[in-house]
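Listed here are the chains, written in short residue letters.
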Amino acid sequence: DSGVTQTPKHLITATGQRVTLRCSPRSGDLSVYWYQQSLDQGLQFLIQYYNGEERAKGNILERFSAQQFPDLHSELNLSSLELGDSALYFCASSVRGDNYGYTFGSGTRLTVV
Amino acid sequence: DQQVKQNSPSLSVQEGRISILNCDYTNSMFDYFLWYKKYPAEGPTFLISISSIKDKNEDGRFTVFLNKSAKHLSLHIVPSQPGDSAVYFCAASLGNYGQNFVFGPGTRLSVLP
């Protein structure tokens, strides 16, 4: 157990729908990162939050949004889902100044049918 | 435009031999590099890192080499063990203080008994 908790582990939904993925960071970690891994692709950075504020944005679609709450958990909202949104979505957390990169959760596998 | 490349999607090595995984990057401003290992159904886990002020970092059976002039790094695993079979991701960032990392597409290593 890495200490980063992602729920749900699996999600199957229809095109056009909206889903919310949840991430609880490791205790003490202030930064949360969201990554997308499509089939046979590397991890694509979506967005980073630090202590409740958006810190950096990557290749995140306008249909996607995220937020980090006062208790530091984060949610990634995906709307108007398309078949191509099917992927593994990873959350990672870190303490600012951590020399060892991120700690990843085990991911949420989203299947859009 | 892929800033971090891992040109070998897969690699097979005999148990006990050396595994060499390669990674190339295009952004000369990257100054911190990591390797992550990922097993199926799990999130990536940190393996080893190197700062651009070094050209080698060793941790047990794992050694990372950095050639800044060639914008190339490699991960050596000696001796390779069947439990090393996983997907290995190379990642790069600007600094090591909470910056988001850019990941390569990964190389699937199979260590044959």
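Preceding block: the structure.
A short tour of the structure in this document, coming up. Treat the numbers as computed from the prediction; the structure is a model and nothing was measured.

## A closer look at the overall build of chain A
So, step 1. A count of helices and strands for chain A gives 0 helices and 11 strands.
So, step 2. Start at the N end of chain A and walk to the C end: the helices and strands fall as β-β-β-β-β-β-β-β-β-β-β.
So, step 3. The C-alpha radius of gyration computed for chain A amounts to 13 Å, which stays within 12% of the reference 13 Å derived for 113 residues, consistent with globular compactness.
So, step 4. Along the longest, intermediate and shortest principal axes, the C-alpha atoms of chain A span 40 × 25 × 20 Å.
So, step 5. Every one of the 113 residues in chain A was classed for burial, and the buried ones make up 50%.
So, step 6. Surface summary for chain A: the accessible area is close to 5500 Å², and the carbon and sulfur share equals 46%.
So, step 7. Taken together, the 9 basic and 11 acidic charged side chains of chain A have centroids lying 1 Å from each other.

## What to know about the environment of Asp55(B)
Residues and elements named next belong to chain B.
So, step 1. With respect to the helices, strands and loops of the structure, Asp 55 is situated in the loop between strand S5 (45–51) and strand S6 (56–59).
So, step 2. As a C-alpha pair, Asp 55 and Leu 73 span 18 residues in sequence and 9.0 Å in three-dimensional space.
So, step 3. Once residues lying within four places of it in the same chain are set aside, the contact partners of Asp 55 are Ile 50, Val 64, Phe 65 and Leu 66.

## Some words on the pairing of strand S8 (residues 72–77) of chain B
All names here are of chain B.
So, step 1. In terms of burial, S8 is a largely internal element, 5 of the 6 residues being buried.
So, step 2. Direction of pairing for strand S3 (residues 19–25) relative to S8: antiparallel, over a ladder of 6 bridges. Bridge pairing links Leu 21 to Leu 75 in S8.
So, step 3. In the sheet, strand S7 (residues 62–67) pairs with S8 via 6 bridges, with the strands oriented antiparallel. Along S8, the bridge assignment pairs Thr 63 with His 76.

## Regarding the state of the cysteines
Each disulfide consists of one covalent bond between the sulfur atoms belonging to two cysteines.
All names here are of chain A.
So, step 1. A complete count under the given rule lists 2 disulfides over all chains for this structure.
So, step 2. A disulfide bridge connects Cys 23 with Cys 91, and the sulfur atoms are separated by 1.8 Å. One disulfide, between Cys 23 and Cys 91, carries an S-S torsion of -55 degrees and so falls in the left-handed class. With Cys 23 in strand S3 (residues 19–24) and Cys 91 in strand S9 (residues 87–94), this residue pair connects regions lying 68 residues apart in the sequence.

## So, the nonpolar core
Soluble, globular proteins show a tendency: their nonpolar side chains are buried together.
So, step 1. Residues Phe33(B), Trp35(B), Leu73(B), Leu75(B) and Tyr88(B) are the most contacted members of the largest nonpolar core, which totals 23 residues.
So, step 2. Looking at this core, the elements with two or more residues in it are S3, strand S4 (32–38), S5, S7, S8, strand S9 (86–93) and strand S11 (107–112) of chain B.
So, step 3. The leading source of residues in this core is S9(B), at 4 residues.
So, step 4. Other than its neighbours up to four places away in sequence, Phe33(B) contacts Tyr25(B), Ile48(B), Ser49(B), Ile50(B), Leu66(B), Leu73(B), Ala91(B) and Ala92(B).
So, step 5. One finds Val32(A), Leu81(A), Cys91(A) and Leu110(A) within the second-largest nonpolar core, a separate group that totals 20 residues.

About the cut-offs
- Along each chain, numbering runs from 1 in the same order as the chain's sequence is written.
- Each chain takes a letter, starting from A, and each ligand takes a number, starting from 1, following the order in which they are written.
- Confidence filtering applies because this is a predicted model: local features only for residues at pLDDT of at least 70, side-chain atom pairs given and counted only at 80 or more, and all residues used for totals across whole chains, interfaces and linings.
- Calculation of side-chain values draws on the structure's entire complement of heavy atoms; hydrogens and water are dropped beforehand.
- Here a strand is any run of E in DSSP of at least two residues, a helix any run of H or I of at least four, and the numbering for each starts at the N terminus.
- All radius of gyration figures rest on C-alpha atoms, and the globule criterion is 2.2 Å times the number of residues raised to 0.38.
- Throughout this description, buried means an accessible area under 20% of the type-specific maximum (1.4 Å probe, protein chains only), exposed means over 50%, and partly exposed covers the range between.
- In this description, accessible areas are obtained by the Shrake-Rupley approach with a 1.4 Å probe, and a residue is regarded as covered only by the protein chains that are shown.
- All tallies of charge rest on Lys and Arg as positive and Asp and Glu as negative; His and the ends of each chain are not included.
- Think of each charge as sitting on NZ of Lys, CZ of Arg, CG of Asp or CD of Glu.
- We call two residues contacting when some pair of their heavy atoms lies within 4.5 Å.
- Two strands make a pair as long as DSSP finds a minimum of two bridges between them.
- In what follows, a disulfide is any cysteine sulfur pair within 2.5 Å.
- Grouping buried Ala, Val, Leu, Ile, Met, Phe, Trp, Tyr and Cys residues that are joined through side-chain atoms within 4.5 Å yields what is termed a nonpolar core.

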